[in-house]
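# Notes for the structure review
So the chains spell out like this:
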Amino acid sequence: KAVVSTQSTGRVNLHLSGHYHSYESSCSVVSGDCVDPGSGTVYIVVGTGGYGLEAQDYIYYPWSQTQNCKDHGYSKVVVNETHMHVQFVTTPHRTVKDNFVIPIWK
């Protein structure tokens, strides 16, 4: 809870992690609730290098937007002064499975 509180206070747009052997992205979140883009932190787990190691299924959360545990892949994040463009791309076929824009914090 302390990390989440600090991210809201610090106006963090994107939190990347990768322990879980899958891909998952969230809506913009503040205190566990989805908020307008640019008003919260988007959480992304990119651990698909080990996707074949994952045995359990997803747990659905209201803030979860996209989940993938069937493909190897990577995230591509392009940042400029106004927004971040985020994609989840599978390998080796380079299929885009998630694609969205995070505006700067309002």
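Sheet analysis places strand E6 (residues 72-79) next to strand E7 (residues 83-91), joined by 8 bridges and oriented antiparallel. Along E7, the bridge assignment pairs Gly 73 with Thr 90. Where E6 hands over to E7, the hairpin turn is made up of 3 residues, counted between the paired strands. The pairing of E7 with strand E8 (residues 96-103) spans 7 bridges and is classified as antiparallel. Each residue of the ladder has a partner; that of Phe 88, found in E8, is Asp 98. Where E7 folds back on E8, the antiparallel hairpin that results is connected by 4 residues, among which Arg 94 adopts a positive phi of roughly 60 degrees.

Of the residues in the protein chain, 91% have a pLDDT of 70 or more, and the chain-wide mean is 87. Per-element averaging of pLDDT across the protein chain places helix H1 (residues 2-9) at the bottom with 73 and E8 at the top with 97.

The next thing to look at is the sheet that holds E8. What the 3 strands build is an open sheet, ordered E6-E7-E8; its pairing is antiparallel. Looking along the sheet, the strands with just one partner apiece sit at the ends: E6 and E8. Averaged over neighbouring strand pairs, the angle between their axes works out to 15 degrees when direction is ignored.

Below, the discussion takes up the nonpolar core. Among the nonpolar cores identified, the biggest contains 9 residues, and these are Leu 14, Tyr 23, Val 42, Ile 44, Met 84, Val 86, Phe 88, Phe 100 and Ile 102. Those elements that provide at least two residues to this core are strand E4 (41-46), E7 and E8. Looking at which element gives the most residues to this core, the answer is E7, with 3 residues. In this structure, Val 86 is in contact with Ile 44, Lys 76, Val 77, Asp 98, Asn 99, Phe 100 and Ile 102, ignoring residues within four places of it in sequence.

Right, let's get into the state of the cysteines. Under the definition given, this model contains 1 disulfide. The thiol sulfur of Cys 69 is not disulfide-bonded, and the nearest other cysteine sulfur, from Cys 27, lies at 20 Å.

Below, the discussion takes up the environment of Arg 11. Structurally, Arg 11 can be placed in the loop between H1 and strand E1 (14-17). It is 22 Å that separates the C-alpha atoms of Arg 11 and Val 46, two residues lying 35 residues apart in sequence. Those residues in contact with Arg 11 that lie beyond four places of it in its chain are Trp 105 and Lys 106. At 3.3 Å, the side chain of Arg 11 forms a polar contact with the backbone oxygen of Trp 105.

Moving on, we get to the packing of aromatic side chains. Scanning all chains against the criterion turns up 2 aromatic pairs. Each ring, one from Tyr 61 and one from Trp 63, has its centre 4.8 Å from the other, and the planes form 5 degrees; the classification is stacked. On the basis of relative accessibility, which here comes to 36%, the residue Tyr 61 falls in the partly exposed class. Overall, Trp 63 belongs to the partly exposed group, its relative accessible area being 25%.

Cut-offs applied
- Along each chain, the written sequence defines residue order, and numbers are assigned to residues from 1.
- The predicted origin of the model limits local features to residues at a pLDDT of at least 70 and limits the giving and counting of side-chain atom pairs to 80 or more, whereas totals for whole chains, interfaces and linings rest on all residues.
- Computation of side-chain values covers all heavy atoms of the structure but excludes hydrogens and water.
- Here, any two strands with at least 2 DSSP bridges between them count as paired.
- Numbering of helices and strands runs from the N terminus; a helix is a DSSP stretch of H or I covering at least four residues, while a strand is a stretch of E covering at least two.
- Predictor confidence is given residue by residue as pLDDT, running from a minimum of 0 to a maximum of 100.
- Note on geometry: axes are lines fitted to C-alpha atoms, helical ones only across the stretch in contact, with angles between N-to-C directions running from 0 to 180 degrees.
- To define a nonpolar core, start from buried Ala, Val, Leu, Ile, Met, Phe, Trp, Tyr and Cys residues and group those joined through side-chain atoms within 4.5 Å.
- Exposure is judged per residue with a 1.4 Å probe applied to protein chains only, and the accessible area is read against the type maximum: over 50% gives exposed, under 20% gives buried, and values in between give partly exposed.
- Here, residues are in contact when the closest pair of their heavy atoms is within 4.5 Å.
- Disulfides are defined in this document as cysteine sulfur pairs within 2.5 Å.
- Polar contact is the term for a pair of N or O atoms within 3.5 Å; when the atoms are in protein, one must be able to donate a hydrogen and the other to accept it, and sequence-neighboring residues count only if both atoms are side-chain atoms.
- For Phe, Tyr and Trp, rings pair up if their centres lie within 6.5 Å, where Trp contributes its six-membered ring, and each pair is then called stacked (planes under 30 degrees apart), edge-to-face (over 60) or tilted (otherwise).

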